[in-house]
Structure formats: C-alpha cells, structure tokens
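Take a look at the letters that make up each chain.
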Amino acid sequence: MNQPLVSCIMPTANRQKYIPFALNHFLSQDYKNTELVIIDDGKNSIAPLLPDDLRIKYYYTEPLGSIGAKRNYACNMAEGEIIMHWDDDDWYANDWITRQVEYLSSSEADICGIEHIHFFSPVTDTLWVGTAMNRNNPSNPNQWLNGATLAYWKSFWITHPFKDLQSGEDDNFITKSGAKVFAHEYIDGFVAILHPRNTTVKYFENPRHKMPKQ
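Attention here is on the structure that accompanies the text. Please read these numbers as outputs of a predicted model, since none were measured by experiment.

Reading the values: the criteria
Residues numbered from 1 in each chain as written. Predicted model: local features only at pLDDT ≥ 70, side-chain atom pairs only at ≥ 80, totals over all residues. Heavy atoms only, no water. Buried < 20%, exposed > 50% of the residue type's maximum accessible area, 1.4 Å probe, protein only. Helix = DSSP H or I, 4+ residues; strand = E, 2+ residues; numbered from the N terminus. Pairing = 2+ DSSP bridges. Core = buried A, V, L, I, M, F, W, Y, C linked by side-chain atoms within 4.5 Å. Contact = heavy atoms within 4.5 Å. Salt bridge = Lys/Arg side-chain N within 4 Å of Asp/Glu carboxyl O. Phe/Tyr/Trp six-rings, centres within 6.5 Å; stacked < 30°, edge-to-face > 60°.

## Details of the pairing of strand S4 (residues 82–85)
Burial of the side chains of S4 extends over both faces: Ile82 and Met84 are buried on one face and Ile83 and His85 on the other. Two elements, strand S1 (residues 6–12) and S4, share four bridges in a ladder whose sense is parallel. Across the sheet, residue Ser7 finds its bridge partner in S4, namely Ile83. Bridge analysis of S4 against strand S9 (residues 151–153) gives three bridges, and the strand direction is antiparallel. Bridging from a neighbouring strand, Ile83 pairs with Tyr152 of S9.

Written as structure tokens, this is what we have:
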C-alpha cells in the first residue's frame, strides 16, 4: 500500500517541559513515512531535547510573530503531501496518523479532523469526555474542527495559506477557504492536555490553575 509522506508540524516556544512527550507520541506512531517539522522561536532552543532521528526536522528562528505565521513557515518547510498539526502539549494515539490519512483520503476532503474532543487536566486529575456526532458532510464549508487535530493536503495549503492571526487562524483556514471538510469520529485518538501554560482557559477550568500573565 502506498503511504504518502506526512509532515507533522509543531510550532513551539518555551515549553521544554512538554517536548519529550510530544516527541514520544510522534516516534511511537505505527505510520512510518513521516517527518516532524518543529518551528521553535522560544527564548531557549529545545535542540538538546531532540533525539538523533532523521525524521525530525528542527528550525530555531527569531520570533516569527503570530501562530498563523508560524504555521505557514512550518508548512513551507514541510516536504509531505499531507500536513498534520502536532501540538507540543497534547496526546495522540499510536495510530493517529494512520487513521487521519485513511479519513482524509477516503473522504476526498481538503481538511479532516475531529469536532468533539477529550480534555484532561493533570493538575486536578480530571477528564472531560467529548461526544462524537454524526455530522460528517464533506460539502459543508462551515464545519468546525479542533485546530490541533487538522490534517490537510499541502496542495490545498499552497493556495489557501493561514492568515497572519494570533488566534482563530485555524477557524479562518477551515471556514473561509471554501474547503471540503470532513469531521471524523476517532475522538479517542486525541486528548487535549490542560496545564498552566495553555494559551486559553476553557470555560470549565479554574483560572487559578493557570500561570499569571507576565
């Protein structure tokens, strides 16, 4: 079976604590034709934390600006036919890439991912469980997907790059591009981890568990 090269893109900055977990999730995937494109514009380089693996492509840069700009930089560096988002602080099942490739290819969509997700807080040892909904409609350009779970064709990104936005760049990419979107139901393949350095506070979280703003 032909396996297209998949580029997992991981913008990161000042999250050394979480990097070993992100790397382990990537290196444990059962889909092997992959690369992990890391874009690091943090204060200190994470290079000492990276294993010697040719699939890991690391770029340490001056501050690039918005997360939209970082995603575009990563996509430009990616060599894969398929691009997947790989957050530096979340959990991905060992067959996540395999399943995403299957969904993206079989649905003939431009973008796929999951809508309802699980959240886990190590601080409070609490799991919030998402619920899968059968709303798969590849012709619906307004289907919302969680940004950390996106998979899409690089050819689509080339003609529809991310906007230079610090937040909402994923929503804009999905809803304003006219993409054919497929929301699949493999919600057990991904867990969003809640921690003090998340960029947002979920409505069900206690704000006291977050780092104070600098």
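## As for the nonpolar core
If you look at the biggest cluster of nonpolar residues, it comprises 55 residues, and the most contacted ones within it are Trp86, Ile111 and Tyr152. Other than its neighbours up to four places away in sequence, Ile111 contacts Leu104, Leu145, Leu150, Ala151, Tyr152, Phe156, Phe173, Ile174, Ala179, Lys180, Val181 and Phe182.

## Considering the sheet that holds strand S5 (residues 91–92)
Sheet architecture is open: four strands sit in the order S5-S11-S7-S8, paired in mixed fashion. A strand with exactly one partner marks an edge of an open sheet, and here the two such strands are S5 and strand S8 (126–128).

## Description of the pattern of salt bridges
Applying the stated criterion across every chain yields a total of eight salt bridges. The salt bridge partner of Asp41 is Lys70, with a shortest N-O separation of 3.2 Å. One end of the pair, Asp41, is in the loop between strand S2 (34–40) and strand S3 (56–60); the other, Lys70, is in helix H2 (residues 67–77), with 29 residues separating them in the sequence. Residue class for Lys70 comes out buried when judged on its relative accessible area of 14%. For Asp53, the salt bridge is made with Arg55, and the minimal N-O distance between the two is 3.2 Å. One salt-bridge network, in which partners are shared between bridges, spans Arg15, Asp88 and Asp89.

## Digging into the packing of aromatic side chains
Both the distance between ring centres and the angle between the ring planes are used here to describe each pair of aromatic rings. Tallied over the full model, the rule gives eleven aromatic pairs. Measuring from ring centre to ring centre gives 6.0 Å for Tyr92 and Trp96, while their planes differ by 55°; the resulting arrangement is tilted. Both residues of the pair, Tyr92 and Trp96, count as buried. A centroid spacing of 6.2 Å and a plane angle of 40° characterise the contact between Trp96 and Phe190, whose relative ring orientation is tilted. Taken together, the residues Trp96 in helix H3 (residues 96–107) and Phe190 in strand S11 (residues 190–193) connect sequence positions 94 residues apart. Take Trp96: its relative accessible area is 0%, and that puts it in the buried class.

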